[in-house]
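Observations on the model geometry
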Amino acid sequence: MAAQEYPAPENVNRLQTRALGAGAIALVLAVFGARTSPGAFYQSYLMSFLLVLGITLGSLGLVMLQHLTAGHWGIIIRRPLESATRTLPLIAIFFVPIALFGMKYLYAAWLDPEALQKEPLSKFQRSYLTHSGYLTRAVIYFAVWLALMFIFNIWSKQQDTNPGDRALRRRLKMLAGPGIILYVFAMSFAAIDWVMSLSPHWASTIYGFLFVAGQLISSMAFMIAVVVVLSRAQPFAGILQPRHLHDLGKLLLAFVMLWAYFDFSQLLIIWSGNLPEEISFYRTRLYGEWGVVAVIVVVFHFFVPFFLLLSQDLKRNAKVLPKIAIWLILMRLVDLFWMTRPEFTSSAVPTWLDLVLPVALGGLWLGFFAFNLKQCPLLPLGDPKLQEAIEQHEH
């Protein structure tokens with residue numbers, strides 16, 4: 001197969017233009033908010049940053065999972081997944097405002113000497129939660145993620161030119177396992193540094209896995225929406241079949257269940273222990289206005305998608321499944337809002353920055369993703385299972 005057989009359709013150009021335009025306009029408004037209310041700006045910025053980070057890193061995890069399992073489901077979405085991983089340099093740029101200007105607004109609980117005098121930290125916490133340690137570890141996290149991204153993208157391109165190279169396929173599979181472990185460990189510690197340290201007196205050993213599971217939901221939901229959009233024009237129109245959507249929908253259901261399992265496990269363990277220093281996280285999130293948001297997350301992030309995705313017919317429906325996928329991405333934003341904002345305010349009413357900043361970062365990210373998508377053929381032409389994966393048959 002020739003690479004020119006699977007170029008990105010024209011609707012990708014339109015997506016890039018519209019996304020960058022919306023992102024640029026929203027960014028201008030957000031800059032105004034940063035000047036007038038920097039504290040509120042960085043609270044909204046962190047939530048929006050975590051959303052686009054989740055789609056990017058979740059895509060990296062799915063790329064490695066596909067190489068490890070060699071499933072047909074991943075062949076259809078591998079190039080969109082790789083395009084999403086190549087937005088990591090932009091994600092690193094998005095992190096710079098937090099590192100340079102936002103830390104004093106977000107992490108005053110362990111950066112402000114007065115706050116430390118009122119609620120002192122343990123000796124280990126004081127040695128771990130430092131300005132230099134935070135930045136050093138962030139560099140390590142991004143170095144790990146970027147290294148994995150570069151390796152898997154380069155080797156994937158090499159596979160297109162050397163489809164018979166079994167040693168290359170073996171290297172991709174052998175690195176995928178350790179790569180997933182590195183991704184999970186780096187993200188777990190990043191979740192501790194960037195989010196859990198908002199409340200340094202509270203801790204959870206399963207906290208990082210909540211973010212990993214949420215990222216898998218975000219990325220799989222995004223991939224479902226992308227491949228359906230691509231299937232509306234040639235050359236992808238004749239590729240995507242109901243069985244592909246069925247497989248992707250089953251994985252999305254599995255990730256929703258995994259996220260719910262981690263979330264409920266954390267709640268069950270902490271609430272049954274009933275220790276004052278551990279239940280503070282839920283005391284601020286399960287009562288008052290935040291209790292309403294918690295119900296919204298439980299119902300619309302888990303129960304509704306769970307029961308809808310149980311339907312085989314729905315998972316094979318190219319009109320309904322993308323709507324559920326987009327809804328789950330929105331619910332990921334609501335969940336991040338619920339996880340981060342109660343540390344700063346008792347009010348659960350979103351500010352205008354909570355609406356503008358996701359559009360700003362999401363629009364710029366989506367535009368860069370569309371640009372990356374145009375750089376390679378839409379299918380991994382060197383994968384030995386490609387022909388089998390796109391054959392016209394149903395099961």
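The structure under discussion appears in the preceding block.
Throughout what follows, the structure given in this document is the object of discussion. (Residues numbered from 1 in each chain as written. Predicted model: local features only at pLDDT ≥ 70, side-chain atom pairs only at ≥ 80, totals over all residues. Heavy atoms only, no water.)

Some words on the packing of helix α2 (residues 38-69) against helix α9 (residues 166-194)
Counted only if it meets this: For helices, the axis comes from a line fit to the C-alpha atoms of the stretch in contact; other axes are also lines fit to C-alpha atoms, and the angle between any two N-to-C directions lies between 0 and 180 degrees. Put simply, DSSP marks the helices as runs of H or I at least four residues long and the strands as runs of E at least two long, and each gets a number from the N terminus on. An angle counts as roughly parallel when it lies under 35 degrees, as roughly antiparallel when it exceeds 145, as roughly perpendicular when it falls between 65 and 115, and as oblique in every other case. Note: crossing handedness is left-handed where the near helix turns anticlockwise from the far helix by less than a right angle, and right-handed where it turns clockwise. The contact rule is simple, with two residues in contact once any of their heavy atoms fall within 4.5 Å. Note on residue classes: Ala, Val, Leu, Ile, Met, Phe, Trp, Tyr, Cys and Pro are nonpolar, Asp, Glu, Lys and Arg are charged, and everything else, Gly too, is polar.
The N-to-C vectors of α2 and α9 enclose an angle of 160°; their axes lie 8 Å apart at closest approach. The angle between α2 and α9 falls in the class roughly antiparallel. In the crossing of α2 with α9, the sense of the turn from one axis to the other is left-handed. Residue-level contacts link L46, F49, L53, L57, G58, G61, M64, L65, H67 and L68 of α2 to L172, K173, A176, G177, G179, I180, Y183, M187 and W194 of α9. Its residues assigned to classes, the contact of α2 with α9 shows 13 nonpolar, 5 polar and 1 charged.

A closer look at the environment of V144
For clarity, the threshold we go by: Residue burial is assigned from relative accessible area. The probe radius is 1.4 Å, only protein chains are included, and a residue is buried under 20% of its type maximum, exposed over 50%, and partly exposed in between.
Here V144 is to be found in helix α8 (residues 131-161). Looking at V144, the relative accessible area reads 23%, which means it is partly exposed. Sequence spacing of V144 and G179 is 35 residues, and the spatial spacing of their C-alpha atoms is 9.0 Å.

Here's the deal with helix α10 (residues 207-230)
Keep this limit in mind: The span one expects for a helix is its residue count, reduced by one, times 1.5 Å.
For α10, spanning 24 residues, the distance from its first C-alpha to its last is 35 Å, which sits close to the expected 34 Å at 1.5 Å a residue. With 22 of its 24 residues buried, α10 lies for the most part within the structure.

A short note on empty space enclosed by the protein
Formally: Think of a 1 Å grid over just the protein atoms. A cavity is a set of points where a 1.4 Å probe fits yet cannot get out, a pocket is an open set with protein on both sides within 12 Å along at least five of seven lines, and lining residues have an atom within 4 Å of a point. Grid points are joined across faces, edges and corners, and a volume is the space filled by probe spheres set on the points.
One pass over the structure, following the stated rule, counts 2 cavities of 30 Å³ or more. Approximately 70 Å³ is the volume attributed to the largest cavity. Considering the residues around the largest cavity, the lining is formed by L50, L51, L53, G54, F211, G214, Q215, S218, R332 and L336. At the level of secondary structure, the elements contributing two or more residues to the lining of the largest cavity comprise α2, α10 and α15 (321-340). Split into classes, the residues belonging to the lining of the largest cavity amount to 5 nonpolar, 4 polar and 1 charged.

Some remarks on the side chain of R137
Stated precisely, the cut-off is as follows: Under this definition, polar contacts are N or O atom pairs within 3.5 Å; protein pairs additionally need one hydrogen-donor-capable and one acceptor-capable atom, and for neighbouring residues in sequence, both atoms have to be side-chain atoms.
On the secondary structure map, R137 appears in helix α8. A relative accessible area of 15% places R137 in the buried class. Looking at R137, its side chain comes within polar contact range of the main-chain oxygen of Y128, at 3.1 Å. Ignoring sequence-local partners within four residues, the contact set of R137 consists of Y128 and D193.

Looking at the packing of aromatic side chains
Rule in force here: Under the pairing criterion, centres of Phe, Tyr and Trp rings, with the six-membered ring standing for Trp, must be within 6.5 Å; the plane angle then separates stacked pairs below 30 degrees from edge-to-face pairs above 60, leaving the rest tilted.
Scanning the model with the defined rule gives 36 aromatic pairs in all. Judged by centre distance (5.8 Å) and plane angle (45°), the ring pair of F49 and F95 falls under tilted. Within this pair, whereas F49 is found in helix α2, its partner F95 is found in helix α4 (residues 88-106), the two being separated by 46 residues in sequence. Here F49 matches F95 in class, with each residue buried. A ring pair is formed by F95 and F142, whose centres lie 5.6 Å apart and whose planes are at 55°; its orientation type is tilted. Remark: F142 occurs in helix α8 and F95 occurs in helix α4; sequence separation between them is 47 residues.

Quick look at the nonpolar core
Test applied: By nonpolar core we mean a set of buried residues, namely Ala, Val, Leu, Ile, Met, Phe, Trp, Tyr and Cys, connected to one another through side-chain atoms within 4.5 Å.
By size, the foremost hydrophobic cluster in this structure holds 132 residues, and its most contacted members are F49, W145 and W194. The contact partners of F49, leaving out residues within four places of it in the chain, are I91, F94, F95, I98, F142, W194 and L361.

So, to be careful, I would describe these as geometric facts and stop short of saying anything about function.
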